[in-house]
Amino acid sequence: MVIILKNNPDQKQLDNLLSWLKSMNLGIHMSEGANTTLIGLIGDTSGVDMELINALDIVETVKRIQEPYKNANKKFHPDSTVVDISGVKIGGGNFQIIAGPCSVESKDQICQVAMDVKAAGAALYRGGAFKPRTSPYAFQGMREEGIKLLLEAKKVSGLPIVTEVMDISHLPSFEQVDVIQVGARNMQNFELLKELGTLKKPILLKRGLSSTLQEFLMSAEYIMAGGNEDVILCERGIRTFETATRNTLDLASIPLLKSMTHLPIIVDPSHATGIAKLVKPMALAAAACGADGLMIEVHNDPTHALCDGAQSLTPEAFKDVAEAVRAILPYSFKGDR
C-alpha cells in the first residue's frame, strides 16, 4: 500500500499517522520527491482502513500495490536511485562503464588491463577471482589470491573494483571489494541474498538465465529487505532456443524495468552474446534504450585468456566501443528515468 501525502503535511498529524501504522507491525518506507511525499507500507495491509486514511487532512490519496516486490517498486520510490561507489555514481542519468577481464590470471595482466580500460573511459574495474564454471575441470579462478591482485590493480589505477561472490563463506575476503557481484547462477541463492542485505556495500545483481523480470526484482527485494538499498541490476541475456549466440540479450527488459523499478540497470553484452564482434552493436543498442551502464569484458590477449576469450575485447577495441557509446548517450531513451 502507498499513501501519497499533500504538500507540506502537518508534522503532528504525520507523526500520529506513522505511530498508528507502526502499531500494526507494518514496515514503513518514506520517499520524498521533488513534488510528492510517499509512505510505502510493507507487510500485511489487509487490516488497514483505506477510507479512514484517505479522509485525513494530510493525505492526497491511497493506493494498493499488487506487485510482490515493494522496496524495489517504482511506485514506492518514484525517483531513480543513484548508487554511489566511492564517488562513481550509477543511475538517475549517471551512465558508467565497468570493464575488465573475465578472470584474474596474473599481477601483470590484471594491473595492465586496469590501466588500459581506465585510459579508455571505464569508471569501475571488473575481474573474476572466484569463477563459477559449468565444467569442474575448467579454470576455477585464483580465489582469495585473485582478490589480492584486484586490490593491487585498484592501487595502480584508482578504479573501484567489482568481483563475484559465490558463497556466504567467501564474504570475509570481500571486505575491501567496492561492489559485490551476484552471478546469474546465484540470482536465487536466497540465503546469500539475505546475507548481502545486511552489508553496507553496493551489490550488482545479474539476471538468471531463465528468470522472469518479476523473479529478478524479487531477488533484488531479498537484498533490500535486509536494509541494503544499493542494488544495481544487470541484464546479461537469457536462455532461449537460439544457439547462434551464447544467450539472447533481452533489450526490451531495459525500458520495461525502468517502468517497474527505481534501481539502476546495466547491460552485459559480453555474456549475452559470447562473441566479441557483437559486443559493440549490442552495447550501442543497450545505451540507446536507456541502460544506466555497461559491463564489458576486456583482455590484453583474448586468444590466450583462461576464461571467455571469445567474447573479450582487446583494450583498443574497448576504447572504440566506449567512444561510440558516449557519442549516442545524449540521444538515448529517457522515458522512465
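Residues numbered from 1 in each chain as written. Predicted model: local features only at pLDDT ≥ 70, side-chain atom pairs only at ≥ 80, totals over all residues. Heavy atoms only, no water.

1. Let's talk about the sheet that holds strand S14 (residues 293-297)
A barrel is described by the order of its strands in space; here 8 strands give the closed sequence S7-S8-S9-S10-S11-S12-S13-S14, paired in parallel fashion. Shown here is a sheet whose adjacent strand axes are inclined to one another by a mean of 30°, direction ignored. Contacting strand S12 (231-235) and strand S13 (265-267), helix H7 (residues 253-260) runs over the sheet at an angle of about 170° to S13. (Pairing = 2+ DSSP bridges. Helix = DSSP H or I, 4+ residues; strand = E, 2+ residues; numbered from the N terminus. Axes fitted to C-alpha atoms, helices over the stretch in contact; angles between N-to-C directions. Contact = heavy atoms within 4.5 Å.)

2. Notes on the sheet that holds strand S3 (residues 37-42)
The strand order across the open sheet formed by 4 strands is S2-S3-S1-S4, and the pairing between neighbours is antiparallel. Strands with a single pairing partner mark the edges of an open sheet, and in this sheet they are strand S2 (27-32) and strand S4 (59-63). Between one strand axis and the next, the sheet turns through 20° on average, direction left out of account. Of the strand pairs in this sheet, S2 and S3 are connected by 6 bridges, and their pairing is antiparallel.

3. Considering the packing of aromatic side chains
With the rule as written, the count across this model stands at 2 aromatic pairs. Ring centres 5.9 Å apart and planes at 25° place the aromatic pair Phe130 and Phe174 in the stacked group. Residue Phe130 is found in the loop between strand S8 (124-126) and helix H4 (144-157), and its partner Phe174 is found in the loop between strand S9 (161-165) and strand S10 (179-182); the two are separated by 44 residues along the sequence. Pairing Phe190 with Tyr222 gives two aromatic rings, centres 4.4 Å apart and planes at 20°, and the pair type is stacked. In this pair, Phe190 sits in helix H5 (residues 190-196) while Tyr222 sits in helix H6 (residues 213-225), placing the two residues 32 residues apart along the sequence. Taking relative accessible area as the criterion, Phe190 reaches 31% and is therefore assigned partly exposed. (Phe/Tyr/Trp six-rings, centres within 6.5 Å; stacked < 30°, edge-to-face > 60°. Buried < 20%, exposed > 50% of the residue type's maximum accessible area, 1.4 Å probe, protein only.)

4. Looking at H7
Restricting attention to buried positions, one finds in H7 the residues Ser253, Ile254, Leu257, Lys258 and Met260. Down the axis, H7 shows its buried residues gathered within 165° of arc, on one side only. The inward-facing, buried residues of H7 contact H6, S12 and S13. (Arc of directions from axis to C-beta.)

5. Digging into the pattern of salt bridges
For the coordinates displayed, the defined rule picks out 11 salt bridges. Ionic pairing is found between Arg207 and Asp250, a salt bridge with its closest N-O pair at 3.0 Å. Taken together, the positions of Arg207 in the loop between strand S11 (203-206) and H6 and Asp250 in the loop between S12 and H7 put the pair 43 residues apart, joining distant regions of the chain. Taking the shortest distance from any N to any O, the salt bridge between Asp292 and Lys258 comes out at 2.5 Å. Here the residue Asp292 occupies a position in the loop between helix H9 (276-288) and S14, and Lys258 occupies one in helix H7, the gap between them amounting to 34 residues. Judged by its relative accessible area of 1%, Asp292 falls in the buried class. Lys258 gets classed as buried once you look at its relative accessible area, which sits at 7%. Look at the salt bridges and you will find they share partners, linking Arg207, Glu235 and Asp250 into a network. (Salt bridge = Lys/Arg side-chain N within 4 Å of Asp/Glu carboxyl O.)

By themselves these figures say nothing about function.
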